[in-house]
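# Observations on the three-dimensional arrangement
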Amino acid sequence: MLRSADPTDLEAIVELRATVMRPDLERLGRFDEHRVRQRLRDSFSPEHTSVIVAAGAFAGSVAVRPADEGRWLEHFYLAPEFQGRGLGSAVLRTLLKRIDADGALVRLNVLQGSGAQRLYERHGFTVEAQDPIDVYMVRRPVEPAAAEKHSIP
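This write-up is about the structure you can find in this document. (Residues numbered from 1 in each chain as written. Predicted model: local features only at pLDDT ≥ 70, side-chain atom pairs only at ≥ 80, totals over all residues. Heavy atoms only, no water.)

### Some thoughts on the pairing of strand β3 (residues 57-67)
Here strand β2 (residues 49-54) pairs with β3 via 6 bridges, running antiparallel. Bridge pairing links Ser50 to Val62 in β3. Connecting β2 to the next strand, β3, in antiparallel fashion are 2 residues, including Ala55 with a positive phi near 50°. The hairpin formed by β3 and strand β4 (residues 70-78) contains 2 residues between the paired strands. (Pairing = 2+ DSSP bridges. Helix = DSSP H or I, 4+ residues; strand = E, 2+ residues; numbered from the N terminus.)

Take a look at the structure:
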């Protein structure tokens, strides 16, 4: 289940971000205890953020922010105990269906070498650009009729 975030959710999301991003940031030599938390505090936008609830518990967060050419998907974090169970795919399917209905493209970025890149590729994202730290991805909207042709009954 997705519910709208409110300001009281910030610190739980900040701590989750630090936990899930730590291995990739350490691998890239970029982990900083303060910065990993402060960057989210500085950009937190409750009106664009949803809290992911599974089995009645806080399971993660995701933000979809309007942008000039569509939407930015960001701050998509799942607690480790909820990873690898299909929850991320279910959340992405829900969000992408809404975004496709608006005919908008969606962009995101992931850290180089992050396993999340494979998840995004399975949902139609392609690499648009990259640098030594980030991979920038884009997904063009899927028309409902085309999506139905490719869905499995």
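The rest of the description comes next.
### Description of the packing of helix α1 (residues 10-27) against helix α2 (residues 33-43)
For the pair α1 and α2, the least separation of the axes is 9 Å and the interaxial angle reads 130°. Judged by the inter-axis angle, α1 sits oblique to α2. Crossing of α1 against α2: the hand is right-handed. The segment α1 lies against α2, with Leu10, Glu11, Ile13, Val14, Glu15, Arg17, Ala18, Arg22 and Leu25 engaging Glu33, Arg35, Val36, Arg37, Arg39, Leu40 and Arg41. Taken together, the residues of the contact of α1 with α2 sort by class into 7 nonpolar, no polar and 9 charged. (Axes fitted to C-alpha atoms, helices over the stretch in contact; angles between N-to-C directions. Parallel < 35°, antiparallel > 145°, perpendicular 65-115°, else oblique. Left-handed = near helix turned anticlockwise from the far one by under 90°. Contact = heavy atoms within 4.5 Å. Nonpolar A, V, L, I, M, F, W, Y, C, P; charged D, E, K, R; others polar.)

### As for the sheet that holds strand β5 (residues 105-111)
The 7 strands lie next to each other as β1-β2-β3-β4-β5-β7-β6, forming an open sheet whose pairing is mixed. The open sheet is flanked by β1 (2-4) and β6 (126-130), the only strands paired with a single partner. For this sheet the average axis-to-axis angle between neighbouring strands, irrespective of direction, equals 30°. Bridge count between β4 and β5: 3 bridges; the pairing is parallel. Considered in β5, the bridge of Arg71 is made with Val106. The strands touched by α1 within the sheet are β2, β3, β4 and β5, with β4 carrying the most contacts at an inclination of about 85°. Against the sheet, helix α3 (residues 87-101) engages β1, β2, β3, β4, β5 and β7 (134-139), with an angle of about 165° to β4.

### Side note on the packing of aromatic side chains
Per the stated rule, a full pass over the model turns up 2 aromatic pairs. On the basis of an interplanar angle of 50° and a centroid distance of 6.5 Å, the ring pair of Phe76 and Tyr120 is categorised as tilted. Note that Phe76 is positioned in strand β4 and Tyr120 in helix α4 (residues 116-122), a separation of 44 residues in sequence. Pair check on accessibility: Phe76 and Tyr120 agree, each one buried. Geometrically, the ring pair formed by Tyr120 and Phe125 is edge-to-face, given 5.6 Å between the ring centres and 70° between the ring planes. Both residues of the pair, Tyr120 and Phe125, belong to the buried class. Through a chain of ring-to-ring contacts, the aromatic side chains of Phe76, Tyr120 and Phe125 assemble into a single cluster. (Phe/Tyr/Trp six-rings, centres within 6.5 Å; stacked < 30°, edge-to-face > 60°. Buried < 20%, exposed > 50% of the residue type's maximum accessible area, 1.4 Å probe, protein only.)

Read these as spatial facts, not as claims about activity.
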